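Close look at the chain arrangement
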Amino acid sequence: MIRSSSIKALEERKGFIITNEKTVEKDIKCNEDSLAGVVSQRACVYSGARVVLNPITDAYHLVHGPIGCASYTWDIRGSLSSGAEVYRNSFSTDLGEKDIIFGGECKLSLAIKELVERYQPELIFVYSTCVVGVIGDDLSAVCKSAEREYGIRVVPVQSTGFAGNKISGYRAACDALMDLIKENNNPAEEKEGINILGDYNLAAEMWILQGYFQQLGIKVVAKFTGDSSYQEIKKAAKAKLNIVQCAGSMGYLGKEMEKEFGIPFIKVSFFGIKDTIDSLRKIADFLGDRQLKDRVEKFVRKKSVKVKQELEFYRQRLKGSRAAIYVGGGFKAISLIKQFNDLGIETVMVGTQTGKKEEYREMKELSKEGTVILDDANPSELENFMKERGADILVGGVKDRALAYKMGIAFCDHNHERKHPLSGFEGVINFAKELDMTINSPVWQLLRSDLND
Amino acid sequence: MLDLVPAEIKERESLVVNPAKTCQPIGAMYAALGIHACLPHSHGSQGCCSYHRMHLTKHFREPVVASTSAFTEGSSVFGGRANLTTALKNIFAVYDPDVVAINTTCLSETIGDDIPSIIGEVDIPEGKEVFSASTPSYVGSHITGFSNMVEAMVKHFSRKGEGIKTNGKVNIIPGFVNPGDIREVKHIVEALGIEYILFPDQSGVLDSPMTGEYQMYPAGGTTVGDLRDSGNSRATLALGSFASAEAAFQLERQCKIKPYILKMPLGVKATDDFIMQLIKLTGHEVPFTLEEERGQLVDIMADTHNHFHGKKVAIYGDPDLVIAMTEFALSLGMLPVHVLTGTPGKAFKQEIESMLDEAGLEANVKEAGDMFKLHQWIKNEPVDLLIGNSYGKLIAKAEDIPLLRLGFPILDRSVHSYFSVLGYRGAMRIIEKISNALLDRRDRDTSEELIEFVL
């Protein structure tokens with residue numbers, strides 16, 4: 001008998017929260033607008049676009065709007081660069097009252113001019129924000145005229161904050177990228193190697209993948225967008241295959257590139273041993289070279305033996321714990337459940353901000369009966385379910401860290417703020433280490449006793 | 001990015017590079033969190049609310065809740081009335097706050113939603129309060145937003161009670177400061193034996209103790225009763241003209257309460273002035289505790305003055321804090337050579353320049369400036385120490401200058417919000433930090449044969 005949740009939830013929220021019952025065929029509601037008046041964790045269209053494009057290291061990211069939009073997203077991802085550092089600056093038109101009344105196009109033109117004069121950029125992204133959408137500045141026209149005048153690429157990103165959700169922002173970013181890729185497409189050129197889509201080089205994760213491909217002799221043509229550059233992105237159309245890690249943000253680009261250039265894509269995940277191995281095999285299968293397949297087998301054998309040995313130590317210290325997951329996209333949630341299963345940790349709650357129906361189905365498949373599954377949750381729901389299901393750890397983003405700690409629950413960051421790479425074989429150990437550090441911290445002991453004991 | 005800043009300065013008209021401010025709504029949200037059991041509500045798109053919560057969470061390392069009207073395309077075409085009405089219904093049904101403090105965003109301001117009239121049409125549960133502040137992101141800065149929200153608190157709550165002459169209390173508006181600072185201000189006023197109403201008060205809200213239970217509305221915060229009663233106090237002390245003066249003036253207009261606009265009590269002189277003003281108003285005497293603290297501070301200043309005398313310093317951040325810190329730096333014998341705030345307002349430049357004039361010094365001073373400009377100044381005239389928020393760390397790294405973290409936001413260090421930089425004790429802490437930053441640097445740079453145990 002499964003205990004159904006006793007949590008006070010709004011009638012309108014009920015379809016967005018389900019309890020995993022294997023015998024009941026019922027889909028969760030998802031991919032809808034949040035209710036007005038909720039403490040939502042979700043961001044906006046602009047945020048979606050910015051997080052996708054920001055890691056392009058030599059691009060000038062100019063935010064057309066009031067200062068806040070630029071301020072809060074200044075160096076937002078912690079994506080690392082092996083070369084240029086331009087992207088770590090925050091450029092904005094800082095719109096004022098006058099611009100709102102008379103229009104901001106002049107200010108935008110002038111800001112582009114000032115950028116060009118100071119830095120001689122090759123590529124500028126101009127982001128539209130909420131208020132720009134309302135006052136109706138013609139971003140495309142301003143960008144086009146700047147391109148003509150200065151002979152550089154000035155790409156508008158249609159990311160007006162209210163015009164959809166974060167997913168619309170991912171699309172706006174992918175559209176901007178397509179614009180750049182098309183520019184240099186040469187169908188006559190022989191195709192070779194792969195593009196990596198949906199990795200942002202947080203804590204050097206892209207470098208781990210690149211290292212693998214280098215050892216296996218797989219050429220990487222372009223990276224989207226962790227540690228990438230304008231020149232690199234322009235070459236992307238010549239790749240043989242696209243591998244898509246974060247499908248939420250880059251699945252669309254994969255599809256568009258298939259349509260436009262005939263490049264097929266496969267979904268991969270480098271979170272967890274099993275997913276990492278499966279992904280490497282998938283890539284080798286696709287590239288279809290016997291020698292490559294052998295190299296992959298040898299590589300994963302060597303790597304996984306070592307990782308499994310190291311992991312055993314942590315498995316002993318972690319097994320029996322109960323985990324709650326609340327992350328941005330479904331793909332990450334799925335990977336996490338698998339990794340928890342590997343570590344002997346039971347997932348008791350799993351939710352996302354932007355998960356899709358099929359992803360939720362997979363979460364249901366992977367998790368146990370009784371697991372709470374929820375879409376677009378708010379802090380009080382998270383709090384109640386974590387308490388009710390006795391979670392020992394929450395995996396989530398920065399806003400949830402403080403909530404978990406306040407409840408005396410361990411926390412692991414699996415979002416923009418992470419400081420250790422969590423992908424590949426190395427990431428498996430880092431993840432286990434982090435879980436151990438927080439779940440087994442002596443601080444929780446203090447909480448369980450007080451002065452009167 | 002560190003080599004991208006050229007020393008040559010060209011004036012810019014439109015392009016802001018690396019902002020030294022952010023937008024109004026976050027200041028308003030922070031102010032609203034200083035009311036007990038208040039849920040700040042952001043009337044606009046979800047992104048704004050999410051960014052503000054994230055930023056405040058990073059600075060305080062505490063859960064920050066706020067709700068949003070979750071605008072979509074429909075609301076921005078037809079107006080946000082329906083969203084706000086639904087939002088208020090949902091907020092009271094799910095989160096049950098005592099007070100909802102609504103702030104606007106650039107979006108809702110531009111489409112022109114009339115918030116007070118929408119509030120007027122909504123059925124608000126008995127005993128609950130809903131009020132709003134107009135905080136367009138394209139005007140002023142987060143400090144302006146803070147000021148607007150505090151002024152809105154006065155407008156909504158403060159009332160002169162019939163037949164009540166005075167409650168004998170003093171109103172204190174501490175400004176955009178950390179919970180630790182607020183606790184220090186209370187300590188001073190309590191040491192003087194003065195009854196007070198302090199608002200907004202984030203202590204106990206954003207530095208609440210860990211109990212293993214998450215409380216959406218922790219014990220702290222100014223109560224609605226106190227906010228109402230602020231209309232019966234004997235005077236209002238606004239600590240900092242940018243963040244707090246408007247609310248004090250509003251109290252004067254509304255309830256005839258005399259406003260006193262003081263500097264933020266950071267450093268010896270500003271703390272002295274704060275205490276002397278309280279004494280003048282109440283006739284109380286300075287207790288030994290405060291005399292002792294002041295004496296300790298001056299003693300420390302004498303012990304350490306050789307560490308920082310004549311050192312060049314760049315100070316940046318929010319205007320009230322920068323003004324007070326500049327005064328304190330001067331009193332320590334330091335030379336402020338670059339002083340900058342991102343917040344617009346001519347009073348900043350005037351105030352800094354008059355202090356510098358008095359000291360016979362000249363400096364680069366700018367309001368509505370950005371971090372790029374500050375970096376350029378430093379390239380042209382290097383300093384020994386930077387004082388400001390986390391956004392100075394790249395300049396500090398590029399130019400190899402120690403950074404004393406002070407102000408908002410501090411995203412890369414923890415625990416700072418629990419300790420005060422205000423009052424005599426706060427000044428001692430600042431001196432300790434400045435001295436240690438400079439001495440650490442000296443030890444690092446000293447050759448082996450010159451290193452000493454005693455400095």
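Residues numbered from 1 in each chain as written. Chains lettered and ligands numbered in written order. Predicted model: local features only at pLDDT ≥ 70, side-chain atom pairs only at ≥ 80, totals over all residues. Heavy atoms only, no water.

Taking an unreviewed UniProt entry as the reference, chain B is identified by name as Nitrogenase molybdenum-iron protein beta chain belonging to Iocasia fonsfrigidae. Under the UniProt heading Function (unreviewed entry), the entry covering chain B gives this text: "This molybdenum-iron protein is part of the nitrogenase complex that catalyzes the key enzymatic reactions in nitrogen fixation." We quote the UniProt Catalytic activity (unreviewed entry) comment for chain B here in full: "N2 + 8 reduced [2Fe-2S]-[ferredoxin] + 16 ATP + 16 H2O = H2 + 8 oxidized [2Fe-2S]-[ferredoxin] + 2 NH4(+) + 16 ADP + 16 phosphate + 6 H(+)". (UniProt positions renumbered as here; feature names shortened; annotations may be inferred.)

As recorded by an unreviewed UniProt entry, chain A carries the name Nitrogenase iron-molybdenum cofactor biosynthesis protein NifE and is attributed to Iocasia fonsfrigidae. Chain A has a UniProt comment under Function (unreviewed entry) that states "This protein may play a role in the biosynthesis of the prosthetic group of nitrogenase (FeMo cofactor)." In its Pathway (unreviewed entry) section, the UniProt record describing chain A reads: "Cofactor biosynthesis; Fe-Mo cofactor biosynthesis."

Summarising the model, chain A shows a mean pLDDT of 92, and 96% of its residues fall at 70 or more. Within the model, the stretch residues 1-7 of chain A combines pLDDT values under 50 with 17 contacts to residues more than four positions away or in other chains. (pLDDT = per-residue confidence, 0-100. Contact = heavy atoms within 4.5 Å.)

What follows is about the pattern of salt bridges. Here the idea is simple: oppositely charged side chains can pair when their charged atoms come close. Residues and elements named next belong to chain A. Taken as a whole and assessed by the stated rule, the structure comprises 56 salt bridges over all chains. Of the charged contacts in the structure, one is a salt bridge between Glu192 and Lys238, with a shortest N-O distance of 3.5 Å. Note that Glu192 is positioned in the loop between α7 (166-183) and β6 (194-199) and Lys238 in the loop between α9 (230-234) and β8 (241-244), a separation of 46 residues in sequence. One salt-bridge network, held together by shared partners, links Glu147, Arg153, Asp179 and Glu183. (Salt bridge = Lys/Arg side-chain N within 4 Å of Asp/Glu carboxyl O. Helix = DSSP H or I, 4+ residues; strand = E, 2+ residues; numbered from the N terminus.)

The subject of this paragraph is the sheet that holds β6 of chain A. All names here are of chain A. With respect to topology, four strands assemble into an open sheet ordered β7-β6-β8-β9, the strand pairing being parallel. In the strand order of this sheet, the two ends are held by β7 (220-225) and β9 (265-267), each with one partner. In this sheet, adjacent strand axes meet at a mean angle of 20 degrees when their direction is disregarded. As judged from the three bridges shared by β8 and β9, these two strands associate in the parallel manner. Residue pairing across strands places Asn242 opposite Phe265, the latter belonging to β9. Helix α8 (residues 205-216) rests against β6, β7 and β8 of the sheet, and its axis sits at about 155 degrees to β6. (Pairing = 2+ DSSP bridges. Axes fitted to C-alpha atoms, helices over the stretch in contact; angles between N-to-C directions.)

For the rest of this paragraph, the subject is the sheet that holds strand β1 (residues 17-19) of chain A. Residue and element names in this part refer to chain A. What the six strands build is an open sheet, ordered β1-β12-β11-β10-β13-β14; its pairing is mixed. Of all strands in the sheet, those with a lone pairing partner are β1 and β14 (410-413), marking the two edges. Strand-to-strand twist across the sheet, computed as the mean angle between neighbouring axes with direction ignored, equals 15 degrees. Taken together, the six bridges between strand β10 (residues 322-327) and strand β11 (residues 346-352) define a ladder with parallel strand orientation. In the strand pairing of β11, Ile325 is matched with Val350. Contacting β10, β13 (393-396) and β14, helix α16 (residues 398-406) crosses the sheet at an angle of about 170 degrees to β14.

Our focus in this paragraph is the packing of helix α12 (residues 288-308) of chain B against helix α17 (residues 423-445) of chain B. Residues and elements named next belong to chain B. Axis separation between α12 and α17 bottoms out at 9 Å; the angle between their running directions is 15 degrees. Accordingly, the angle class assigned to the pair α12 and α17 is roughly parallel. Crossing hand, α12 versus α17: left-handed. Here Leu290, Glu293, Arg294, Gln296, Leu297, Ile300, Met301, Thr304, His307 and Phe308 of α12 come into contact with α17, specifically with Tyr424, Arg425, Ala427, Met428, Ile431, Ile434, Ser435, Leu438 and Leu439. Across the contact of α12 with α17, the residue classes tally to twelve nonpolar, four polar and three charged. (Parallel < 35°, antiparallel > 145°, perpendicular 65-115°, else oblique. Left-handed = near helix turned anticlockwise from the far one by under 90°. Nonpolar A, V, L, I, M, F, W, Y, C, P; charged D, E, K, R; others polar.)

What follows concerns helix α12 (residues 290-318) of chain A. Residue and element names in this part refer to chain A. Over its 29 residues, α12 runs 39 Å from end to end, which matches the ideal 42 Å to within 8%, given 1.5 Å per residue. For α12, the complete set of buried residues consists of Leu292, Val296, Phe299, Val300, Lys303, Ser304, Val307, Leu311, Tyr314 and Leu318. Taken together, the buried residues of α12 touch α8, α11 (273-287) and α17 (424-439). N-capping of α12 is provided by Asp289, with a side-chain oxygen placed 2.9 Å from the backbone N of Gln291. Gly320 sits one or two positions beyond α12 and adopts a positive phi of about 90 degrees. (Expected span 1.5 Å × (residues − 1). Buried < 20%, exposed > 50% of the residue type's maximum accessible area, 1.4 Å probe, protein only. Polar contact = N/O pair within 3.5 Å; in protein donor to acceptor, adjacent residues only side chain to side chain.)

Following the UniProt record, the feature "domain: Nitrogenase/oxidoreductase component" (unreviewed entry) maps to residues 44-439 of chain A here. Within residues 44-439 of chain A, the helical portion is 52% and the strand portion 16%, while the C-alpha atoms at the span's ends are 33 Å from each other.

To continue, consider unusual backbone geometry. In this model, Phe224 of chain A is joined to Thr225 of chain A through a cis peptide bond whose omega is -10 degrees. Pro409 of chain B follows Phe408 of chain B through a cis peptide bond whose omega is -5 degrees. One non-glycine residue, Ala203 of chain A, lies in positive phi territory at about 50 degrees. Within the secondary structure layout, Ala203 of chain A lies in the loop between β6 and α8. Residue class for Ala203 of chain A comes out buried when judged on its relative accessible area of 11%.

The next subject is the environment of Ser141 of chain B. Residue and element names in this part refer to chain B. Its place among the elements puts Ser141 in the loop between β5 (129-133) and α7 (142-157). Look at Ser141 and you get buried, because its relative accessible area is 0%. With 189 residues separating them along the chain, Ser141 and Leu330 place their C-alpha atoms 27 Å apart. Here Ser141 is in contact with Lys21, Thr22, Cys23, Gln24, Thr343 and Pro344, once residues within four sequence places are set aside.

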